[in-house]
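# An overview of the molecular structure
One-letter residues, chain by chain:
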Amino acid sequence: MDVLSRKMRMAISAVVAAAAEQRQLVQVYAEAEKIRQANLADNVALEEIVEALIKKSAGGLGYHSDPGEARAALLGETIH
(Lines give C-alpha, C1' and ligand atoms only; values in the text may rest on other atoms or scores of the structure.)
Protein backbone atom coordinates (compact mmCIF):
# COMPACT_ATOMS: atom_id res chain seq x y z
CA MET A 1 0.00 0.00 0.00
CA ASP A 2 1.31 3.44 -0.94
CA VAL A 3 1.11 5.77 2.06
CA LEU A 4 1.82 8.90 0.05
CA SER A 5 -1.08 10.87 -1.34
CA ARG A 6 -1.20 11.86 -4.99
CA LYS A 7 -0.42 15.44 -3.96
CA MET A 8 2.72 14.30 -2.11
CA ARG A 9 3.87 12.12 -5.01
CA MET A 10 3.41 15.07 -7.37
CA ALA A 11 5.43 17.32 -5.02
CA ILE A 12 8.21 14.73 -4.94
CA SER A 13 8.25 14.54 -8.74
CA ALA A 14 8.36 18.35 -8.94
CA VAL A 15 11.32 18.53 -6.53
CA VAL A 16 13.27 15.91 -8.47
CA ALA A 17 12.46 17.57 -11.81
CA ALA A 18 13.52 21.01 -10.52
CA ALA A 19 16.80 19.63 -9.20
CA ALA A 20 17.49 17.87 -12.51
CA GLU A 21 16.72 21.04 -14.45
CA GLN A 22 19.15 22.98 -12.27
CA ARG A 23 21.69 20.12 -12.44
CA GLN A 24 21.75 19.86 -8.64
CA LEU A 25 21.47 17.01 -6.18
CA VAL A 26 18.13 16.62 -4.40
CA GLN A 27 18.50 17.77 -0.78
CA VAL A 28 16.47 14.83 0.46
CA TYR A 29 15.83 15.67 4.11
CA ALA A 30 15.25 19.37 3.54
CA GLU A 31 12.78 18.75 0.72
CA ALA A 32 11.08 15.91 2.59
CA GLU A 33 10.46 18.18 5.57
CA LYS A 34 9.00 20.89 3.34
CA ILE A 35 6.67 18.34 1.72
CA ARG A 36 5.69 16.90 5.10
CA GLN A 37 4.91 20.36 6.48
CA ALA A 38 2.78 21.22 3.44
CA ASN A 39 0.79 18.00 3.92
CA LEU A 40 0.50 17.59 7.69
CA ALA A 41 -3.08 16.39 7.41
CA ASP A 42 -1.81 13.30 5.55
CA ASN A 43 0.07 12.25 8.71
CA VAL A 44 2.97 10.64 6.85
CA ALA A 45 6.30 9.97 8.55
CA LEU A 46 9.28 11.96 7.32
CA GLU A 47 11.09 8.70 6.58
CA GLU A 48 8.41 7.64 4.09
CA ILE A 49 8.88 10.86 2.14
CA VAL A 50 12.67 10.57 2.35
CA GLU A 51 12.51 7.04 0.96
CA ALA A 52 10.29 8.14 -1.92
CA LEU A 53 12.61 11.06 -2.73
CA ILE A 54 15.66 8.78 -2.72
CA LYS A 55 13.98 6.25 -5.01
CA LYS A 56 12.77 8.95 -7.38
CA SER A 57 16.07 10.84 -7.53
CA ALA A 58 18.40 7.83 -7.70
CA GLY A 59 17.94 7.49 -11.45
CA GLY A 60 18.96 11.08 -12.12
CA LEU A 61 21.80 13.23 -10.85
CA GLY A 62 21.42 11.74 -7.40
CA TYR A 63 20.74 13.11 -3.95
CA HIS A 64 22.32 14.49 -0.82
CA SER A 65 21.15 12.91 2.43
CA ASP A 66 21.81 14.82 5.67
CA PRO A 67 19.20 14.36 8.44
CA GLY A 68 20.24 17.69 9.99
CA GLU A 69 18.77 19.46 7.01
CA ALA A 70 15.23 18.47 8.04
CA ARG A 71 15.55 20.63 11.15
CA ALA A 72 17.06 23.49 9.15
CA ALA A 73 14.20 23.34 6.64
CA LEU A 74 11.66 23.29 9.46
CA LEU A 75 13.26 26.42 10.93
CA GLY A 76 13.42 28.11 7.52
CA GLU A 77 17.21 28.21 7.49
CA THR A 78 19.16 28.35 4.24
CA ILE A 79 20.73 25.04 3.25
CA HIS A 80 23.98 25.06 1.29
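Residues numbered from 1 in each chain as written. Predicted model: local features only at pLDDT ≥ 70, side-chain atom pairs only at ≥ 80, totals over all residues. Heavy atoms only, no water.

### Things to note about the confidence of the model for the protein
As a reminder, the rule being used: Residue-level confidence of the predictor is summarised by pLDDT, bounded by 0 at the bottom and 100 at the top. Numbering goes from the N terminus for both helices and strands, where a helix is a DSSP run of H or I of at least four residues and a strand is a run of E of at least two.
Taken residue by residue, the protein gives an average pLDDT of 86. The fraction at 70 or more is 82%. Looking across the protein, the model is least confident in helix H4 (residues 68-75), with a mean pLDDT of 64, and most confident in helix H1 (residues 6-21), with 95.

### Focus: the nonpolar core
Test applied: To define a nonpolar core, start from buried Ala, Val, Leu, Ile, Met, Phe, Trp, Tyr and Cys residues and group those joined through side-chain atoms within 4.5 Å. Only protein chains enter the accessibility calculation, which uses a 1.4 Å probe; a residue is then buried when its area is under 20% of its type maximum, exposed when over 50%, and partly exposed in between. Contacts: residue pairs with any heavy atoms within 4.5 Å of one another.
Counting 17 residues, the largest nonpolar core has Leu4, Ile12, Val26, Ile49 and Leu53 as its most contacted members. Mapped by element, the contributors of at least two residues to this core are H1, helix H2 (28-38) and helix H3 (46-57). In contact with Leu4, other than residues within four places in its own chain, are Arg9, Ile12, Val44, Glu48, Ile49 and Ala52.

### Quick notes on the packing of H1 against H2
Cut-off, in case you're wondering: Every angle, taken between N-to-C directions, lies between 0 and 180 degrees, and every axis is a line fitted to C-alpha atoms, over only the stretch in contact when it is a helix. Oblique is the label for any angle not under 35 degrees, not over 145, and not in the 65 to 115 range, which are roughly parallel, roughly antiparallel and roughly perpendicular in turn. The hand of a helix crossing depends on one turn: near helix anticlockwise from the far one by less than a right angle means left-handed, and clockwise means right-handed. Gly is put with the polar residues, along with every residue not named as nonpolar or charged; the nonpolar set is Ala, Val, Leu, Ile, Met, Phe, Trp, Tyr, Cys and Pro, and the charged set is Asp, Glu, Lys and Arg.
Taken N-terminus to C-terminus, the directions of H1 and H2 make an angle of 150 degrees; their axes are 10 Å apart at the nearest point. Here H1 lies roughly antiparallel to H2, going by the angle between them. Crossing hand, H1 versus H2: right-handed. Along its contact with H1, which presents Lys7, Met8, Ala11, Ile12 and Val15, the element H2 presents Glu31, Ile35 and Ala38. Residue classes in the contact of H1 with H2 are distributed as 6 nonpolar, no polar and 2 charged.

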